[in-house]
Amino acid sequence: MGNNNIVLVGFMATGKTTIGKMLAQTLDLDFIDMDQLIEEIEGATVNNIFTLNGEAYFREKEHEALDLFKKLENKVISTGGGIIISADNRRKLRDIGKVVYLESSPQWILTNLNRSETIRPLLNETNPIDKIVELLDERRKYYEEVAEFKVVVDGKSLSEIVNNIISIIPPAQ
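Summarised in this report is the structure supplied together with it.

Rules of the game
- Residues numbered from 1 in each chain as written.
- Predicted model: local features only at pLDDT ≥ 70, side-chain atom pairs only at ≥ 80, totals over all residues.
- Heavy atoms only, no water.
- Helix = DSSP H or I, 4+ residues; strand = E, 2+ residues; numbered from the N terminus.
- Contact = heavy atoms within 4.5 Å.
- Salt bridge = Lys/Arg side-chain N within 4 Å of Asp/Glu carboxyl O.
- Buried < 20%, exposed > 50% of the residue type's maximum accessible area, 1.4 Å probe, protein only.
- Axes fitted to C-alpha atoms, helices over the stretch in contact; angles between N-to-C directions.
- Parallel < 35°, antiparallel > 145°, perpendicular 65-115°, else oblique.
- Left-handed = near helix turned anticlockwise from the far one by under 90°.
- Nonpolar A, V, L, I, M, F, W, Y, C, P; charged D, E, K, R; others polar.
- Pairing = 2+ DSSP bridges.
- Expected span 1.5 Å × (residues − 1).

1. Here's the deal with the environment of V151
If you trace the backbone, V151 turns up in strand β5 (residues 149-152). Residues contacting V151, with those up to four places away along its chain left out, are V100, Y101, L102, E103, K156, I161, N164, I165 and I168.

2. Considering the pattern of salt bridges
In total, this model carries 12 salt bridges according to the counting rule given. Note that K92 is salt-bridged to D67, the shortest N-O span being 2.6 Å. Of this pair, K92 sits in helix α5 (residues 87-96) while D67 sits in helix α4 (residues 55-69); the two residues are 25 residues apart in sequence, bridging distant segments of the chain. Note that K150 and E103 form a salt bridge whose closest N and O atoms lie 3.7 Å from each other. Of this pair, K150 sits in strand β5 while E103 sits in strand β4 (residues 97-103), and the two are 47 residues apart along the sequence. Here the salt bridges share partners, and the residues they tie into one network are E42, K61 and E64.

3. Overview of the environment of K92
Classification of K92 by relative accessible area gives buried; the value is 9%. Apart from residues no more than four positions distant in its own chain, K92 is found in contact with H63, L66 and D67.

4. A word on the packing of α5 against helix α7 (residues 128-146)
Taken N-terminus to C-terminus, the directions of α5 and α7 make an angle of 30°; their axes are 10 Å apart at the nearest point. When the interaxial angle is binned, α5 and α7 end up roughly parallel. α7 is crossed by α5, and the crossing has right-handed handedness. Contacts between α5 and α7 involve R90, L93 and R94 from the first element and Y142, E145 and V146 from the second. For the contact of α5 with α7, the per-class residue count stands at three nonpolar, no polar and three charged.

5. Digging into the pairing of strand β1 (residues 5-9)
Most of β1 sits inside the fold, with five of its five residues counted as buried. The side-chain alternation of β1 yields two buried faces, one formed by N5, V7 and V9 and the other by I6 and L8. Summarising the sheet, β1 and β4 pair through five bridges and their orientation is parallel. When the bridges of β4 are listed, I6 appears paired with K98. Two elements, β1 and strand β3 (residues 75-78), share three bridges in a ladder whose sense is parallel. Opposite V7, over in β3, you have I77 as the bridge partner.

6. Some words on α7
Here α7 spans 26 Å end to end across 19 residues, near enough to the 27 Å set by a 1.5 Å rise per residue. For α7, the full list of buried residues reads I129, K131, I132, L135, L136, R139, Y143 and V146. Its buried side turned inward, α7 meets β1, α4, α5, β4 and α6 (106-115).

Here's what the structure looks like:
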């Protein structure tokens, strides 16, 4: 089970949700956003969950969501940027489907963050680029470890990224 799913991983603001929706629509699959699912279950935004309960609590909720995803078939799933921190999560991600790493540079991420209305609880800093670089340096090896496929998103249109993903993922059996 689960091997017909496409799971998008990558740092915050790399476009996992937007690309995931477009990819799902193009492939005529359902789309699930992990952060949105957690928000619905918890009745609070990701930012409020972090503020009220802390990062460890949120990471636990991500871990629980992976168990729900193991039962799914033929979905496109976007994950939270920190899902890959846990070794157990990395193992579970591979069981859920084909994992695609949306790779991006710190500058591209910052540009996307500046265009976004979404509050990012880990970037409550006056100079977020330093924190982006730090977190990306810590996480890059985990993204690369878990992903079967990698797509660089910097400077590409959404349709280019979606077409790139479709071209590298083998068709469902």
